[in-house]
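Now for the letters of each chain:
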Amino acid sequence: MSAPSNSQDAMKQAVAAAAVEFTLQRIDDKSTIGIGTGSTANAYIDLLAEHKAKITGTVASSESSAERLRSHGIPVYDLNSVDEITLYVDGADEVNPHLELIKGGGGALTREKIVAAVAREFLCIADQSKWVEHLGTFPLPVEVIPMARSHVARELVKLGGDPVYRQGVVTDNGNVILDVHHLFPISPVRKLEEQINNITGVVCNGLFALRPADALMLGTSTGVKTIYPG
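Summary of the structure given here.

Scoring rules and cut-offs
- Along each chain, numbering runs from 1 in the same order as the chain's sequence is written.
- Per-residue local features are limited, in this predicted model, to residues with pLDDT of at least 70; the limit for side-chain atom pairs, both in listing and counting, is 80 or more; totals at the level of whole chains, interfaces and linings are taken over all residues.
- The side-chain values count all of the structure's non-hydrogen atoms but skip hydrogen atoms and water molecules.
- For two strands to be treated as a pair, DSSP must find at least two bridges joining them.
- Under the DSSP-based scheme used, a helix requires at least four consecutive residues in state H or I and a strand at least two consecutive residues in state E, with every element numbered from the N terminus.
- With axes taken as lines fitted to C-alpha atoms, and helix axes fitted only over the stretch in contact, angles between N-to-C directions fall between 0 and 180 degrees.
- Using only the protein atoms, space was sampled on a 1 Å grid; points where a 1.4 Å probe fits but cannot get out form cavities, open sets with protein on both sides within 12 Å along at least five of seven lines form pockets, and lining residues are those with an atom within 4 Å of a point.
- Grid points are joined across faces, edges and corners, and a volume is the space filled by probe spheres set on the points.
- Here the nonpolar group is Ala, Val, Leu, Ile, Met, Phe, Trp, Tyr, Cys and Pro; Asp, Glu, Lys and Arg are the charged ones; every other residue, Gly included, is treated as polar.

Focus on the sheet that holds strand β6 (residues 122-127)
The mixed open sheet is built from six strands, whose spatial order is β2-β1-β3-β6-β12-β13. The open sheet is flanked by β2 (57-60) and β13 (223-227), the only strands paired with a single partner. Put simply, the sheet's adjacent strands are angled 20° from each other on average, direction ignored. Inspection of the sheet shows strand β1 (residues 32-35) paired to β2 by four bridges, in the parallel sense. Looking at β2, one finds that Ile-33 is bridged to Thr-58.

Spelled out as structure tokens, the structure:
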């Protein structure tokens, strides 16, 4: 466990540093690293840059992360040119003891889910504010084909949710996002992930339960804890 830190920013920095050490233990000269999106992922990218000579290449889950990686001189590959991702490192909006996640607050949920699906190992990095016993307090993002927005919203209401259109947001894939409120507690998580994905017009939803994280590095006021699914 690393040294204690109290502020949320300090926790993010501590967990990002621990994740870089974890990464260096996992990779070799043939490894490709998947990298996510968000403030904790940004902290990880900035610290990873200090070791860029050891990095063969990366795959980014968003254009913003790709731009940040390139600004540090770290190679970014198209996923279609990569056979395998050794390790995917990304944050979360919520994570439960089974390491099931809600992601997508930054709008990159579909690409994040694709990169996670390809990765051999998925490390989630987060501060303690993201740790919950049950998912669903954070509104669940759902990426939707634009012409299907109203249809999908009606179907989400049937599932007990209150979908709100995220005004002015277009994803890197050219789609829109509905943030679904009032789903707490989400259980069973895998079932709801499947149900929402089966709605015509849905591209992806922000539940990561069919492919949860393999490990979590959680920044807390007493240091960084490494947690495995319980």
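Considerations on the layout of surface pockets
Considered as a void within the structure, the largest pocket measures approximately 300 Å³ in volume. Lining the largest pocket we find 14 residues, and of these Ala-60, Tyr-77, Asp-78, Leu-79 and Arg-111 sit closest to its centre. Counting only elements with at least two residues in the lining of the largest pocket, the list comes to β2, α3 (63-71) and α4 (109-118). A breakdown of the residues in the lining of the largest pocket according to their chemical character gives eight nonpolar, two polar and four charged. Empty space within the second largest pocket amounts to approximately 200 Å³. Along its surface, the second largest pocket is lined by 20 residues, and Thr-37, Gly-38, Gly-91, Ala-92 and Asp-93 are the ones closest to its centre. Secondary-structure elements contributing two or more residues to the lining of the second largest pocket are α2 (39-48) and β6. A class-by-class count of the residues in the lining of the second largest pocket yields five nonpolar, nine polar and six charged.

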